[in-house]
Amino acid sequence: MTCAELAAAQLAAYNRKDVDAFCACYSADVRVLDAEGHETLRGQAAFRARYAEMFDGWAEVGAAVDQRLVLEPHVVDDERWWRNRPGEHAHGRVLVRYTAQAGRIETVQFFREAT
């Protein structure tokens, strides 16, 4: 799969809260970076644990891409996200950069809005 196909597949799985399909888009040694390029998470086990906890902890999670830039093997999504559970709602906007290799996303980097 191309990085653009992987970005679309992982977004659909995220919106379904399907941790298996979501994690299948990412490499075994996936790296998550912050805006400064510092590694905040590495490896499929830690990645799966982070998202399984999120999916289990919120009644609804979702995201929508307002714009996607593609320059294979890179994708940058301008994304709106939200999470809901009884008595609590969270939402925001983020730029997400994905880089793929060998048919899986190997690096994901988040650029968050200044608060």
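Shown above is the structure to which this text applies.
Keep in mind that what you see is a predicted model, and the values were worked out from it rather than measured.

What counts, and at which threshold
Residues numbered from 1 in each chain as written. Predicted model: local features only at pLDDT ≥ 70, side-chain atom pairs only at ≥ 80, totals over all residues. Heavy atoms only, no water. Helix = DSSP H or I, 4+ residues; strand = E, 2+ residues; numbered from the N terminus. Contact = heavy atoms within 4.5 Å. Salt bridge = Lys/Arg side-chain N within 4 Å of Asp/Glu carboxyl O. Phe/Tyr/Trp six-rings, centres within 6.5 Å; stacked < 30°, edge-to-face > 60°. Buried < 20%, exposed > 50% of the residue type's maximum accessible area, 1.4 Å probe, protein only. Lys NZ or Arg CZ within 6 Å of the ring centre and 35° of its normal. Polar contact = N/O pair within 3.5 Å; in protein donor to acceptor, adjacent residues only side chain to side chain. Pairing = 2+ DSSP bridges. Axes fitted to C-alpha atoms, helices over the stretch in contact; angles between N-to-C directions.

*Asks:* Go over the environment of asparagine 15, please, and point to the residues and values.
*Replies:* Structurally, the position occupied by asparagine 15 is in helix α1 (residues 3-16). Residues asparagine 15 and tryptophan 81, 66 residues apart in the sequence, show an inter-C-alpha distance of 9.8 Å. Excluding its chain neighbours within four sequence positions, the residues that come into contact with asparagine 15 are Val61, Gly62 and Ala63.

*Asks:* Describe in detail unusual backbone geometry, supporting the description with residues and values.
*Replies:* Residues apart from glycine generally show negative phi values, whereas peptide bonds are mostly found in trans. Backbone torsion omega between glutamate 72 and proline 73 reads 10°, so that peptide bond is classified as cis. Mapping proline 73 onto the fold places it in the loop between β3 (60-71) and β4 (74-85). For lysine 17, which is not a glycine, the phi torsion comes out positive at approximately 60°. Positive phi, close to 55°, is recorded for alanine 102, a residue that is not glycine.

*Asks:* Which residues make up the pattern of salt bridges, and what values do they have?
*Replies:* Applying the stated rule across the entire model yields nine salt bridges. With its nearest N and O atoms 2.9 Å apart, the salt bridge here joins aspartate 66 to arginine 80. Of this pair, aspartate 66 sits in strand β3 while arginine 80 sits in strand β4, placing them 14 residues apart in sequence. The salt bridge partner of aspartate 77 is arginine 68, with a shortest N-O separation of 2.7 Å. Several salt bridges share partner residues, and in doing so they unite Asp29, Arg31, Glu39 and Arg42 into one network.

*Asks:* Talk me through the packing of aromatic side chains; I want residue IDs and the actual numbers.
*Replies:* Here the structure, examined in full by the defined rule, presents nine aromatic pairs. Ring centres of phenylalanine 22 and tyrosine 26 lie 5.3 Å apart, and the angle between their planes is 50°; this geometry places the pair in the tilted category. Classification of phenylalanine 22 as buried rests on a relative accessible area of 1%. Aromatic pair phenylalanine 22 and phenylalanine 55: ring centres 5.9 Å apart, planes at 70°, arrangement edge-to-face. Of this pair, phenylalanine 22 sits in helix α2 (residues 19-23) while phenylalanine 55 is found in helix α3 (residues 44-57), placing the two residues 33 residues apart along the sequence. Neither phenylalanine 22 nor phenylalanine 55 differs from the other in exposure class; each is buried. Taking the ring centre of tryptophan 81 as reference, the NZ or CZ of arginine 83 above it sits at 4.5 Å. Sitting over the ring of tryptophan 58, arginine 85 keeps its end group 3.8 Å from the ring centre.

*Asks:* Outline the environment of serine 27, listing residues and values.
*Replies:* Mapped onto the fold, serine 27 is located in strand β1 (residues 26-33). A sequence separation of 65 residues divides serine 27 from glycine 92, and the C-alpha atoms of the two residues are 26 Å apart. Contacts of serine 27, omitting those with residues within four sequence positions, involve Gln44, Arg104, Ile105 and Glu106. Here the side chain of serine 27 touches valine 30 through a polar contact of 3.1 Å, landing on its backbone nitrogen.

*Asks:* Now, about the sheet that holds β3: what can you tell me, with residues and values included?
*Replies:* Spatial strand order, β2-β1-β6-β5-β4-β3: six strands in an open sheet with mixed pairing. Two strands close off the open sheet at either side, each with one partner strand: β2 (39-42) and β3. Averaged over all neighbouring strand pairs, the angle between strand axes comes to 25°, with direction disregarded. Relative to strand β6 (residues 104-112), β1 is paired through four bridges, and the arrangement is parallel. Looking across to β6, one finds that leucine 33 is bridged to glutamine 109. Along the sheet, α1 contacts β1, β3, β4, β5 (88-101) and β6; its crossing angle with β3, the most-contacted strand, is approximately 170°.

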